[in-house]
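Okay, here's what each chain looks like letter by letter:
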Amino acid sequence: MLNYQLIAYCWLCIGLLVFVLLLFIKAPYGRHTRTGWGPMIDNRLGWVLMELVVLGILLYFVWHGENAISLPIAVILALFAAHYIHRSLIFPFALHTKGKKMPLLIMLMAVGFNTMNGYLLGWYFGNLANYPSNWLWDPHFLLGLALFLMGMGINIWSDYHLIALRKPGETGYKIPEGGLFRYISCPNHFGEILEWTGFAVLNWSLPGLIFAIWTFANLAPRALAHHRWYREKFVDYPKERKALIPGVW
Ligand SMILES: NC(=O)c1ccc[n+]([C@@H]2O[C@H](COP(=O)([O-])OP(=O)(O)OC[C@H]3O[C@@H](n4cnc5c(N)ncnc54)[C@H](OP(=O)(O)O)[C@@H]3O)[C@@H](O)[C@H]2O)c1
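Bear in mind that the values here come from a model prediction, so they are computed numbers and not experimental data.

K.L.:
Would you take a moment to explain unusual backbone geometry for this structure?
P.N.:
The phi angle of most residues is negative, glycine excepted, and most peptide bonds adopt the trans form. The phi dihedral of Trp204 falls on the positive side, at around 45°, and the residue is not glycine. Turning to its location among the elements, Trp204 is positioned in the loop between helix H6 (187–203) and helix H7 (206–233).

Here's what the structure looks like:
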């Protein structure tokens, strides 16, 4: 338990460091892909490999843990699995990024992130979690679930809206309109942060909180970089649009 907490807090500190680094160094994938980051791999394959790992690791630790899988734990794990089955096995095949590559290093770093996340959550649910049987009616769970589902809906709708901007064969970028794009440049990132914040609230745990903070650390700097990039690339980019948080930032 002591070792687990120590690892978790060290991982949290690394996440805060990563946040600061990413404010200065744009993660080189998607529109920010550039050379000088070593060997490259196919973009779609990269997404599948880096996102599939977390479910396997989480389930390994849950399966080998001492806890019985109660109904609340099963429901929480099902929500997590729903996100990652979509992210690793459906989303990559919807992308209109044929021929595009990402640095192998980015994929490996994401595998590292997902491995730690899978371990921390899997160990927690497999050994430490102890939810009463009526947890599914607890205000934490209900509020967290509402945020999780809202975030997931915003994330998926925005991702597919962006993907649909490219007709088959197109490779460039357009100004996205509609939905939350009216207010912010990156509603997909906003939705993902909201989703994992909701997940942290609904399971009310240290690894859940750390995962939400890591998601913010990864995505808030990316949203800022995307926002700056849109403003530089499109002279007619809507001036009132913010980067990540409607009306604020
Ligand atoms: N939990 C985490 O820590 C974490 C970390 C990273 C990503 N994610 C999630 O993974 C998903 C993808 O992330 P991302 O940062 O790669 O998203 P993104 O940069 O917004 O790109 C999403 C997709 O839409 C395309 N696209 C984006 N803007 C476009 C435009 N203006 N015109 C035409 N096509 C456009 C991109 O093509 P290109 O690839 O060619 O740019 C890509 O295929 C998001 O849902 C994000 O929340 C989560």
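K.L.:
What exactly am I supposed to notice about the pattern of salt bridges here?
P.N.:
If charged atoms from side chains of opposite charge come close, those side chains can pair. Counted by the stated rule, this structure contains 4 salt bridges. Arg87 is paired through a salt bridge with Glu192; the nearest N and O atoms lie 2.6 Å apart. On the criterion of sequence distance, the pair formed by Arg87 in helix H3 (residues 71–94) and Glu192 in helix H6 is long-range, its members being 105 residues apart. Taken as a pair, Arg87 and Glu192 share a single burial class, namely buried. Here Arg241 ties to Glu177 by a salt bridge, and the two come within 3.2 Å at their closest N and O atoms. You can see Arg241 sitting in the segment after H7 and its partner Glu177 sitting in the loop between helix H5 (139–163) and H6, a full 64 residues away along the chain. Judged by relative accessible area, Arg241 falls into the buried class, the value being 2%. On the accessibility criterion, Glu177 (44% relative accessible area) is partly exposed. Counted as one network, the salt bridges with shared partners bring together Arg87, Asp159 and Glu192.

K.L.:
What should I look at first to understand the site of the ligand in this one?
P.N.:
Taken together, the neighbourhood of the ligand is formed by 27 residues, with Arg31, Lys100, Asp159, Tyr173 and Arg222 sitting nearest. A distance of 2.5 Å is found between an oxygen atom of the ligand and a side-chain nitrogen or oxygen belonging to Tyr173. Protein burial of the ligand: of its 900 Å² of free accessible surface, 96% is covered by the chains. Assessed atom by atom at 2 Å from the grid points, the ligand resides in the largest pocket. Looking at the shell around the ligand, the elements that each hand over two or more residues are H3, H5, H6 and H7. In terms of residues, the shell around the ligand owes the most to one element, H7, which gives 6 residues. Tallied by class, residues from the shell around the ligand come to 10 nonpolar, 9 polar and 8 charged. Two domains each provide a minimum of three residues to the shell around the ligand, namely domain 1 (37–134) and domain 2 (138–249).

K.L.:
How should the side chain of Glu192 be read in this particular structure?
P.N.:
For Glu192, a relative accessible area of 11% gives the class buried. Excluding its chain neighbours within four sequence positions, the residues that come into contact with Glu192 are His83, Arg87, Gly151, Asn155, Thr215 and Leu219.

K.L.:
Mind showing me how you'd approach the packing of aromatic side chains here?
P.N.:
Each pair of aromatic rings is reported with the distance of its centres and the angle of its planes. The tally for this structure, following the rule as stated, stands at 30 aromatic pairs. Between Phe61 and Tyr119, the ring centres sit 5.3 Å apart and the planes meet at 70°, which makes this aromatic pair edge-to-face. A residue pair is termed long-range when its members are at least 10 positions apart, and Phe61 in helix H2 (residues 43–63) and Tyr119 in helix H4 (residues 104–128) qualify at 58 residues. One aromatic cluster is present, built from ring pairs that chain together Trp11, Phe80, Tyr84, Phe113, Phe148, Trp196, Phe199, Phe211 and Trp214. For Arg222, the ring lying beneath its charged end belongs to Tyr29, and the centroid distance is 3.6 Å.

Parameters at a glance
- Residues numbered from 1 in each chain as written.
- Predicted model: local features only at pLDDT ≥ 70, side-chain atom pairs only at ≥ 80, totals over all residues.
- Heavy atoms only, no water.
- Helix = DSSP H or I, 4+ residues; strand = E, 2+ residues; numbered from the N terminus.
- Salt bridge = Lys/Arg side-chain N within 4 Å of Asp/Glu carboxyl O.
- Buried < 20%, exposed > 50% of the residue type's maximum accessible area, 1.4 Å probe, protein only.
- Near = heavy atom within 4 Å.
- Polar contact = N/O pair within 3.5 Å; in protein donor to acceptor, adjacent residues only side chain to side chain.
- Areas by Shrake-Rupley, 256 points an atom, 1.4 Å probe, with all protein chains shown as cover.
- 1 Å grid on protein atoms, 1.4 Å probe; cavity = no way out; pocket = protein on both sides within 12 Å on 5 of 7 lines; lining within 4 Å.
- Sits in = over half its atoms within 2 Å of the grid points.
- Nonpolar A, V, L, I, M, F, W, Y, C, P; charged D, E, K, R; others polar.
- Domains from an automatic or database assignment.
- Contact = heavy atoms within 4.5 Å.
- Phe/Tyr/Trp six-rings, centres within 6.5 Å; stacked < 30°, edge-to-face > 60°.
- Lys NZ or Arg CZ within 6 Å of the ring centre and 35° of its normal.

Coordinates in, geometry out; function isn't part of it.
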